[in-house]
Amino acid sequence: MNLTLKIWRQKNANDKGQIVTYPITGIEGDMSFLEMLDILNDQLITNGDDPVAFDHDCREGICGMCSLYINGEAHGPDRLVTTCQLHMRKFKDGDTIFIEPFRAKAFPVIKDLVVDRSSFDRIQHSGGFISVNTSGNTQDANSIPISKNAADEAMDAATCIGCGACVASCKNSSAMLFVSAKVSQYALLPQGQVEATDRVLNMVKQMDEEGFGNCTNTGACEVECPKGISLENIARMNREYLSASLKG
Ligand code: SF4
Ligand code: FES
């Protein structure tokens, strides 16, 4: 395939940035989207130009680093896959592909296609964990009965990889799908009950302080989420928040 790439180039956080056009040839359908960008970068380096900065790590849909907005969609045109798992067969010879960073006030651009998502880390640090009693009297987790439904729903919530596609897809830049997945994975399990009240209050407070917008139930986050995180998690987080507020 021969393609035309229109890529957001931005030297640093203070640069205004602009779309730059790059023709690319010889792209195979079974290449991944990131492999296609690797080929472009090889060419740029060979020509003495600055390669395009983009985030990636695992390249197998686990780490959540590969945050690209491709033709106006977070992670591109395929469903339930990350950018690193997107294959070039989803495009046609002659296509023009726009590639931009995830855009949100709480995800400032660092360079080109790389954004700073440390706001997600700070939300996690504010409560997205359980404290473990290491006194020697710790109950064996396997001896605590958990219903199959609760275990399945907690596992589904725990598949969130923190990529930020939900934020990038939302017209309000809301992080509710991410935060609700992180709240739900513990709220559904007995081990998560001990700190449940503080967890939801602290995580929602941090989410608001980071500058994410409010949820208005448009559902774009659920559609673009590569892990199929359900809006039901947002409803659960709202219930948890209401109950915690009444207790607090
Ligand atoms: S909820 Fe989905 S889109 Fe949002 S951070 Fe988690 S995996 Fe990514
Ligand atoms: S590079 Fe890890 S999820 Fe894409």
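Refer to the structure above for everything that follows.
Residue positions are given per chain, counted from 1 along the sequence in the order it is written. Ligands are numbered from 1 and chains lettered from A, in the order in which they are written. Confidence filtering applies because this is a predicted model: local features only for residues at pLDDT of at least 70, side-chain atom pairs given and counted only at 80 or more, and all residues used for totals across whole chains, interfaces and linings.

S.K.: Residue-level account of the pairing of strand β2 (residues 18–24), with values.
M.R.: Think of it as a crowd count around each C-beta: if 20 or more other C-beta atoms lie within 10 Å the residue is buried, if 12 or fewer it is exposed, and in between it is partly exposed, with C-beta placed from the backbone throughout. Helix and strand labels come from DSSP, where a helix needs a run of H or I of at least four residues and a strand needs a run of E of at least two; each type is numbered from the N terminus. Of all the seven residues making up β2, zero are buried; the element is thus mostly uncovered. As paired elements, strand β1 (residues 3–9) and β2 share seven bridges and run antiparallel to each other. The residue of β2 that forms the bridge with Lys6 is Thr21. Pairing between strands requires that DSSP locate at least two bridges from one strand to the other.

S.K.: Kindly report on the site of ligand 1, identifying the contributing residues and their values.
M.R.: The full set close to ligand 1 counts 14 residues, and Cys160, Cys163, Ala165, Cys166 and Cys225 are the nearest of them. Elements supplying a minimum of two residues to the shell around ligand 1: α4 (165–169) and α5 (176–187). Here the shell around ligand 1 gets three residues from one element, more than from any other, and that element is α5. For the shell around ligand 1, the residue count by class is eleven nonpolar, two polar and one charged. Using a C-beta atom placed from the backbone, a residue is described as near a molecule or strand when that atom lies within 6 Å of it. Gly counts as polar in this scheme, as do all residues outside two lists: the nonpolar Ala, Val, Leu, Ile, Met, Phe, Trp, Tyr, Cys and Pro, and the charged Asp, Glu, Lys and Arg.

S.K.: Could you give an account of the nonpolar core, with specific residues and numbers?
M.R.: One nonpolar core equals one set of buried Ala, Val, Leu, Ile, Met, Phe, Trp, Tyr and Cys residues connected by C-beta atoms within 7 Å. Phe102, Cys166, Val167, Ala175, Leu177, Phe178 and Val179 are the most contacted members of the largest nonpolar core, which totals 59 residues. Taken together, the elements giving at least two residues each to this core come down to β1, α1 (33–46), β3 (68–70), α2 (118–125), α4, α5, α6 (196–209) and α8 (232–247). Per-element accounting of this core gives the leading share, eight residues, to α5. Domain delimitation follows an automatic or database domain assignment. Each of domain 1 (3–111) and domain 2 (118–247) gives at least three residues to this core. Two residues form a contact once the distance between their C-beta atoms, set from the backbone, is within 7 Å. Residues in contact with Leu177, not counting those within four places in the same chain, are Cys166, Cys221, Glu222, Cys225, Ile229, Asn233 and Ile234.

S.K.: Provide a residue-level description of α2, including the pertinent values.
M.R.: Among the residues of α2, Ser119, Phe120 and Ile123 are the ones counted as buried. The buried residues of α2 occupy an angular sector of 105° when projected down its axis, which confines them to one face. For α2, the secondary structure elements touched by its buried residues are α5 and α6. As used here, the arc belongs to the directions running from the helix axis to the C-beta atoms.

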